[in-house]
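Observations on chain architecture
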Amino acid sequence: MELGRLGTPQDVLRALRTGERPFLLVGDWAGGGALAGADPVPNGELWVGVLGFGLGAEIERLPPPPRRPVPRPLTEGARYDHWLRMDGDGAWTFEGDPQRLAGVRERLATIPERRPWRLRGMEPAPPGHDGHRWAVADAVRRIAEGELFQASLCLRLEGELEGDPLDAFADASERLRPAMGAFVTAADGGAVLSFSPELFLRREGRRVWSSPIKGTAPGDSDPELLRRSAKDAAEHVMIVDLMRNDLGRVARYGTVSADPEPEVQAHPGLWHLVSTVRAELRDDADDRALVRAAFPPGSVTGAPKVQALHVIHALEGTGREAYTGAIGFASPDLGLQLNVAIRTVEVAPDGRAWLGCGGGIVADSDPDAELREALGKARPLVQALGGTVAAPAPWRRRRVPPLLAGPRPDPAAGRLETVRVLDGEPQHVDRHLRRLGRPDLEARVRAAAAAAGPGLHRLRIVGETIEVTPEGDAPLWIPPLPAVCIPGGLGPHKWADRRPLTEHRLVVDADGAVLETTRASVWLVEGATLVTPPTDGRILPGITRERILECGGLLGREVRVEPLDLDRYDRADAVLLTSAIRIVTAVGEAGAALAAELRSAATAPSWTA
C-alpha cells in the first residue's frame, strides 16, 4: 500500500513511539532508505533485532569474557507482521497485515514532537586509556611472536542518557546520516542506537555480499594519505581475505570475489577504506548457516578470527554486548541484512549508557596512535549526542604483572557467597544476601547455620545449594603473594567457578591498579591509616571491608578509599587482607599484630551487628 511522502524516517519513528518496541533502520536498508515499525507479534514475518558479540561463543569454543558491567541478552529482537518501508526517493509504503493499516495511519497523522534528552559522561571504563594502551602493546608483542596477524581491540566509554533513547537516536541520526543506522528497543525497555557505517551481510535471493571497513583516518586529513598508508592497507587486506574465507564456507564454488582495490569513503568525521566481497550461496545454505559462517564480523575481530577472539577475551577490560555484533532484519521476502554494530550506543533501562570504540592492531601499531584513533571514531557520535570525548592524558607506565595463566572464571557457573557462622549464628547475613541478590534465602541460611552447632563454620551458597562445613583457625599472616594481571579485574561478584583462582594471587589491572586478591580485599597500612581500593566495578565489595570502613574510628585508625598501584603496595608499612571467614590476615609478619587486633574487634557487638 503506497502512502506517499510521510516525512523523514526520524519523523516516522517519533510517530511510532506510542507503539510497543518501535524500531527504525535508516540509511541503505532493503534496497531503499528505511524500514520502520512497532507492535511485534509472536509469528511475524519480519524479524528485527540485535545479535550480540557474545553470540560468537555459541559458534566457537572460547574462554569466558571479561567482566560485563551491564550484561545484556545474546540476542534481542522481535517479529513484526507489518512495517513501513521508504524507497530511495523518499516515498513510503505499508507492508504486511492490512488490518494494521488503520492504526498506523492514525499514528502517522499526529505531528511528531521533539522531546528533550541529554547524554552525560562518556568517560572510559576501567582500566581506561592506560589499560587500552597496555592491551595494544601486548597484542603487538603477540603478533611479533607469531600468535596471530591482527586483533581488533576496543575500550568502553560509559555515561548516562537522560530522556528517551528514541529521541536521542532520531535527533542524532538526522545529523550523522549513518549508512547503516538502527534503533532497536529491547523487551525490558533498554535500547540500542547504532550509527554504523558498515554492512556486515546482505542477502537477496542466493546472492550475498559484505562490505568490510578497515583503515581509518581523520576527516580533516588528505584521503590520499589513507590510500597510501601501508599499515591501513595491511589491516584491510587481511580482513578482506578473512571475509572471502568466511563466505566461502557457504558459497558455491568459484563464486567468491572481492573488489581489486578498496574505496576511500567519507563518513562522519572520518575517512575509511571499504571493499565489497560477493558470493552466491549454495542451495543448502540458509540465513542461519550464513550468519554462523561469518559471525562475529571479521573487521571487528582480527585474523585468524578464532585466535583473535581468544586475544580479545584475554586483553580487554570489559566484555562486549551489542557492540561489534550485528543489527538488522531477516524476512522471507526482503532477505537478510545486518550491519556491523560499531558507532553504537547501548542504553540500559535505568539510563546507563555505553559506547565501544577501537581498531585493528597490526605489527607496527603504536599504542598512543591506536588510542587516538579509537577515540576519534567515538568523537563525532558523542558530539552528535551532545557529549564530549576528552583527549587522553599521557601514558602513566605503571608496573603490570604477567597475565593470569588460563581463562577467567566462567560466570555461567553462577555466583558464590560465603558466610561466616559463629556458634550457629550467621554473621552479617543480610549484607551477604543483598550482595548475592537473594534475600529470599534468609530463612534457609539461618536454619542451616543453627544446625551447624557451636564453633566456627563456613556457609557456602551456590544457586539453591547451601552447604556448611567446619572452619579451622586461620593464620594471622601468610607469605607474600605473587601478582597477576586480570584486565578489568574479577568484577563485583564472587564466581562459583574457582578453577582459575585456586592459587592465592594479588590481582592487578592492565592500568597498574592494585585491586584485590583472588580471595580477599586488600588494605595498605600507612602509619595510622588503612587504605583500600575503590569499588568501581572491578572488585568484590567485601562485607568485612565494608564494616572496617564503617567502624574505622572504633579501631582508632583513619580509613580511606584511594587508587593503589604496585609501587605504593611495596612501600606500605604492612598489607592486610580481609574476608568474611578469616576476617583479617596480614601479608608478611609486619602486620600480624594489627591483624590480631582487628580480629579481636570483630567479636564485639558493634562489629557483628
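Described in the following lines is the structure provided in the data block. (Residues numbered from 1 in each chain as written. Predicted model: local features only at pLDDT ≥ 70, side-chain atom pairs only at ≥ 80, totals over all residues. Heavy atoms only, no water.)

All right, on to the overall build of the chain then. Scanning the chain from terminus to terminus reveals 16 helices and 36 strands. Taking 609 residues into account, the globule formula puts the C-alpha radius of gyration at 25 Å, and the chain, at 27 Å, falls close to it. Residue burial in the chain is summarised as follows: out of 609 residues, 57% are buried. Within the chain, residue pairs in contact and separated by at least 24 positions form 71% of the contacts whose partners lie at least 6 positions apart. Entry remark: accessible area of the chain is about 24900 Å², with carbon and sulfur atoms responsible for 51%. Side-chain charges of the chain comprise 74 positive and 84 negative groups, with the mean position of each set lying 2 Å from the other. (Helix = DSSP H or I, 4+ residues; strand = E, 2+ residues; numbered from the N terminus. Rg over C-alpha atoms; globule rule 2.2 N^0.38 Å. Buried < 20%, exposed > 50% of the residue type's maximum accessible area, 1.4 Å probe, protein only. Contact = heavy atoms within 4.5 Å. Areas by Shrake-Rupley, 256 points an atom, 1.4 Å probe, with all protein chains shown as cover. Lys, Arg positive; Asp, Glu negative; His and termini not counted. Charge placed at Lys NZ, Arg CZ, Asp CG, Glu CD.)

A word on the packing of helix α4 (residues 128-144) against helix α10 (residues 367-384). The interhelical angle for the contact between α4 and α10, taken along N-to-C directions, is 125 degrees, at an axis separation of 9 Å. As judged from the angle between their axes, α4 and α10 are oblique. The two elements α4 and α10 meet at a crossing, and its hand is right-handed. Contact residues: α4 offers His 129, His 132, Arg 133, Val 136 and Ala 137, while α10 offers Pro 367, Asp 368, Glu 370, Leu 371, Ala 374 and Leu 375. (Axes fitted to C-alpha atoms, helices over the stretch in contact; angles between N-to-C directions. Parallel < 35°, antiparallel > 145°, perpendicular 65-115°, else oblique. Left-handed = near helix turned anticlockwise from the far one by under 90°.)

This part is about the sheet that holds strand β27 (residues 465-470). One open sheet accounts for 4 strands, arranged β25-β24-β26-β27; its pairing is antiparallel. The sheet is open, and its two edges are formed by β25 (425-426) and β27, each paired on a single side. As judged from the 6 bridges shared by strand β26 (residues 456-462) and β27, these two strands associate in the antiparallel manner. When the sheet's bridge partners are listed, His 457 is paired in β27 with Pro 470. With respect to the sheet, helix α11 (residues 429-436) is in contact with β24 (416-422), β25 and β26, its orientation differing from that of β24 by roughly 175 degrees. (Pairing = 2+ DSSP bridges.)

One pass over the full model with this rule turns up 61 salt bridges. The salt bridge partner of Arg 399 is Asp 570, with a shortest N-O separation of 2.9 Å. Residue Arg 399 is located in the loop between α10 and β24, and its partner Asp 570 is located in helix α14 (residues 566-571); the two are separated by 171 residues in the primary sequence. Bridged by salt links that share partners, the residues Asp 11, Arg 14, Arg 114, Asp 171 and Glu 174 form one connected network. (Salt bridge = Lys/Arg side-chain N within 4 Å of Asp/Glu carboxyl O.)

Applying the stated rule across the entire model yields 8 cavities of 30 Å³ or more. One number sums up the size of the largest cavity: a volume of about 250 Å³. Around the largest cavity, the lining comprises 26 residues; the ones closest to its centre are Val 300, Ile 342, Arg 343, Gly 358 and Lys 377. When contributions to the lining of the largest cavity are tallied by element, the ones reaching two or more residues are β9 (150-162), β14 (213-218), β23 (352-361) and α10. A class-by-class count of the residues in the lining of the largest cavity yields 9 nonpolar, 10 polar and 7 charged. (1 Å grid on protein atoms, 1.4 Å probe; cavity = no way out; pocket = protein on both sides within 12 Å on 5 of 7 lines; lining within 4 Å. Points joined across faces, edges and corners; volume = space filled by probe spheres on them. Nonpolar A, V, L, I, M, F, W, Y, C, P; charged D, E, K, R; others polar.)

It is the contact of helix α5 (residues 165-176) with α10, at a shortest axis distance of 9 Å, that shows an interaxial angle of 125 degrees. With respect to α10, the axis of α5 lies oblique. Mapping the contact onto sequence places Ala 172, Arg 175 and Leu 176 in α5 and Pro 380, Leu 381 and Ala 384 in α10.

The next point concerns unusual backbone geometry. Each neighbour pair has its own omega, and for Pro 126 with Pro 127 the value is 10 degrees, a cis peptide bond. Turning to its location among the elements, Pro 127 is positioned in the loop between β8 (118-124) and α4. Geometrically, the link from Ala 303 to Pro 304 is a cis peptide bond, its omega value of -10 degrees lying close to zero. Turning to its location among the elements, Pro 304 is positioned in the loop between β19 (302-303) and α9 (305-315). For Arg 21, which is not glycine, the phi torsion reads 50 degrees and is therefore positive. Relative to the assigned elements, Arg 21 resides in the loop between α1 (9-15) and β2 (23-29).

Attention shifts here to the layout of surface pockets. Reported here for the largest pocket is a volume of approximately 920 Å³. If you go around the largest pocket, you meet 49 residues; those closest to its centre are Pro 65, Pro 66, Arg 67, Arg 68 and Pro 411. Estimates place the volume of the second largest pocket at around 720 Å³. Of all elements in the fold, only β24, β26, β31 (514-517), α13 (543-551) and β35 (574-579) reach the threshold of two or more residues within the lining of the second largest pocket. Tallied by class, the residues present in the lining of the second largest pocket amount to 11 nonpolar, 13 polar and 9 charged.

Turning next to the nonpolar core. Residues Trp 92, Leu 157, Phe 169, Leu 193, Val 345, Leu 355 and Leu 385 are the most contacted members of the largest nonpolar core, which totals 44 residues. Broken down by element, this core gets its largest block of residues, 7 residues, from α10. With residues up to four places along the chain from it excluded, the contact list for Leu 385 reads Trp 117, Leu 119, Ala 168, Ala 172 and Val 345. Counting 33 residues, the second-largest nonpolar core is a separate cluster that includes Ile 59, Ala 303, Tyr 323 and Val 340. (Core = buried A, V, L, I, M, F, W, Y, C linked by side-chain atoms within 4.5 Å.)

Among the secondary structure elements, Thr 517 is positioned in strand β31. For Thr 517, a relative accessible area of 2% gives the class buried. Reaching out from Thr 517, the side chain makes a polar contact with the side chain of His 504 at a distance of 2.8 Å. Ignoring anything within four residues of it in the chain, the contact list for Thr 517 reads Leu 481, His 504, Arg 505, Leu 506, Val 507, Val 522 and Leu 577. (Polar contact = N/O pair within 3.5 Å; in protein donor to acceptor, adjacent residues only side chain to side chain.)

Pairing is antiparallel in the open sheet, where 3 strands are placed in the order β14-β17-β16. Across the chains shown, the open sheet's two edge strands, defined by having one partner strand only, are β14 and β16 (263-267). Sheet twist, expressed as the average angle between the axes of neighbouring strands with direction ignored, equals 30 degrees. Examined bridge by bridge, β16 and strand β17 (residues 270-274) share 5 bridges and lie antiparallel to one another. Opposite Ala 266, over in β17, you have Trp 271 as the bridge partner. With respect to the sheet, helix α7 (residues 230-248) is in contact with β14 and β17, its orientation differing from that of β14 by roughly 160 degrees.

Our focus in this paragraph is the packing of aromatic side chains. Taken as a whole and assessed by the stated rule, the structure comprises 5 aromatic pairs. A connected cluster of aromatic rings, assembled from ring pairs, spans Phe 169, Phe 183 and Phe 195. The ring centre of Phe 53 lies 4.5 Å from the NZ or CZ of Arg 320, which sits over that ring. Sitting over the ring of Trp 395, Arg 397 keeps its end group 3.9 Å from the ring centre. (Phe/Tyr/Trp six-rings, centres within 6.5 Å; stacked < 30°, edge-to-face > 60°. Lys NZ or Arg CZ within 6 Å of the ring centre and 35° of its normal.)

Position of Ala 139 among the secondary structure elements: in helix α4. Given a relative accessible area of 1%, Ala 139 falls into the buried group. Separated by 228 residues in the primary sequence, Ala 139 and Pro 367 place their C-alpha atoms 9.8 Å from one another. Residues within four places of Ala 139 in sequence aside, it is in contact with Leu 153, Leu 315 and Ile 361.

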